[in-house]
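# Report on the structure
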Amino acid sequence: MSTPSDASRSGAGGSGAGGSDPAASGPSDPDAIKAEIEATREQLGRTVDELSHRLDVPARAKEGAARARDTAVETYRESPPAVAGAGAALAGLVGLVVWRRRRKRRRAAAASTGTSAALAEARAETRRARRRADREAARARKAIARSTKRTKRTARRTARRART
C-alpha cells in the first residue's frame, strides 16, 4: 500500500514531465487522500498493537499459562487418573532434580573448602564416641543391677537374722 509520502517522492523526482503524471503522483481528490491516510493510520495502529503484544512478555506468559491450564482441565475431564499420574510423576521429577542439585552443591562446597576429609573424620570420631558411651552406659547398668541384687540379698539376710 502506498502512502502519501511515497506518492510525493515518486511524483517529485519521478519520471515524466515535472510530476504531471496523475498515476505517479497518487490520488488528487481530497476525499481519496483522506481515505488513504485513514487506511494507513489503521494499518499502523494494527502494527503497533501487534508489536506491543509481542513485547508484552508478562501478558504472553499469562496467556500461555491460561492455555496450559485449560488444556490440563480438559485432559483431566477426559481422563482423571492419567492427569493425576502425570502430576505425581512431575512432582517426583521436580523433587529428584531439587534433591540432586542440593546434594551436588553440598559436595562441591565441601570439596572446595577441603573439609570433606575432615568432615568424614569428625563423623567417624562421633561414631566411635557414641559406641564408647553406649559401652559405658551398659557397664553402669550392669553395675547398678549387681548392686541392687547385693542390697536385696543383704536385706534378706538381715531380715532372716533378725527373725532368729
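Residues numbered from 1 in each chain as written. Predicted model: local features only at pLDDT ≥ 70, side-chain atom pairs only at ≥ 80, totals over all residues. Heavy atoms only, no water.

Let us now look at the overall build of the chain. Within the chain, the regular secondary structure consists of six helices and zero strands. Each helix and strand of the chain, ordered N terminal to C terminal, gives the series α-α-α-α-α-α. Expressed as a percentage of its 164 residues, the buried residues of the chain come to 4%. Total accessible area computed for the chain in this model is approximately 13900 Å², and 57% of it derives from carbon and sulfur atoms. (Helix = DSSP H or I, 4+ residues; strand = E, 2+ residues; numbered from the N terminus. Buried < 20%, exposed > 50% of the residue type's maximum accessible area, 1.4 Å probe, protein only. Areas by Shrake-Rupley, 256 points an atom, 1.4 Å probe, with all protein chains shown as cover.)

Another aspect to go through is the pattern of salt bridges. Scanning all chains against the criterion turns up six salt bridges. One salt bridge connects Arg-54 with Glu-50, and the closest N-O pair in it is separated by 2.7 Å. Placement of both Arg-54 and Glu-50 in helix 3 (residues 30–55) is noted, with a separation of four residues, approximately one turn of the helix. Judged by its relative accessible area of 42%, Glu-50 falls in the partly exposed class. In this structure, a network of salt bridges that share partners links the residues Glu-121, Glu-125, Arg-128 and Arg-132. (Salt bridge = Lys/Arg side-chain N within 4 Å of Asp/Glu carboxyl O.)

So, about a nonpolar patch on the surface. A cluster of nonpolar side chains, Leu-90, Leu-93, Val-94, Leu-96, Val-97, Val-98 and Trp-99, forms an exposed patch at the surface whose accessible area comes to about 630 Å². Of note, Trp-99 is situated in helix 5 (residues 80–113). Given the relative accessible area of 48%, Trp-99 is considered partly exposed. (Patch = residues over 30% accessible without salt bridge, like charges linked within 9 Å, V, L, I, M, F, W, Y side chains within 5 Å.)

What follows concerns the confidence of the model for the chain. This prediction gives the chain a mean pLDDT of 81; 80% of its residues lie at or above 70. Confidence scores differ between elements of the chain, with helix 1 (residues 4–12) showing the lowest mean pLDDT of 48 and helix 3 the highest of 91. The low-confidence segment residues 7–19 (pLDDT under 50) makes eight contacts with residues lying over four places distant or belonging to another chain. (pLDDT = per-residue confidence, 0-100. Contact = heavy atoms within 4.5 Å.)

Here we come to a positive patch on the surface. On the surface, Lys-142, Arg-146, Lys-149, Arg-150, Lys-152, Arg-153, Arg-156, Arg-157, Arg-160, Arg-161 and Arg-163 cluster together into a positively charged patch. By the element assignment, Arg-160 lies in helix 6 (residues 116–163). The exposure class of Arg-160 is partly exposed, given its relative accessible area of 49%. (Lys, Arg positive; Asp, Glu negative; His and termini not counted. Charge placed at Lys NZ, Arg CZ, Asp CG, Glu CD.)

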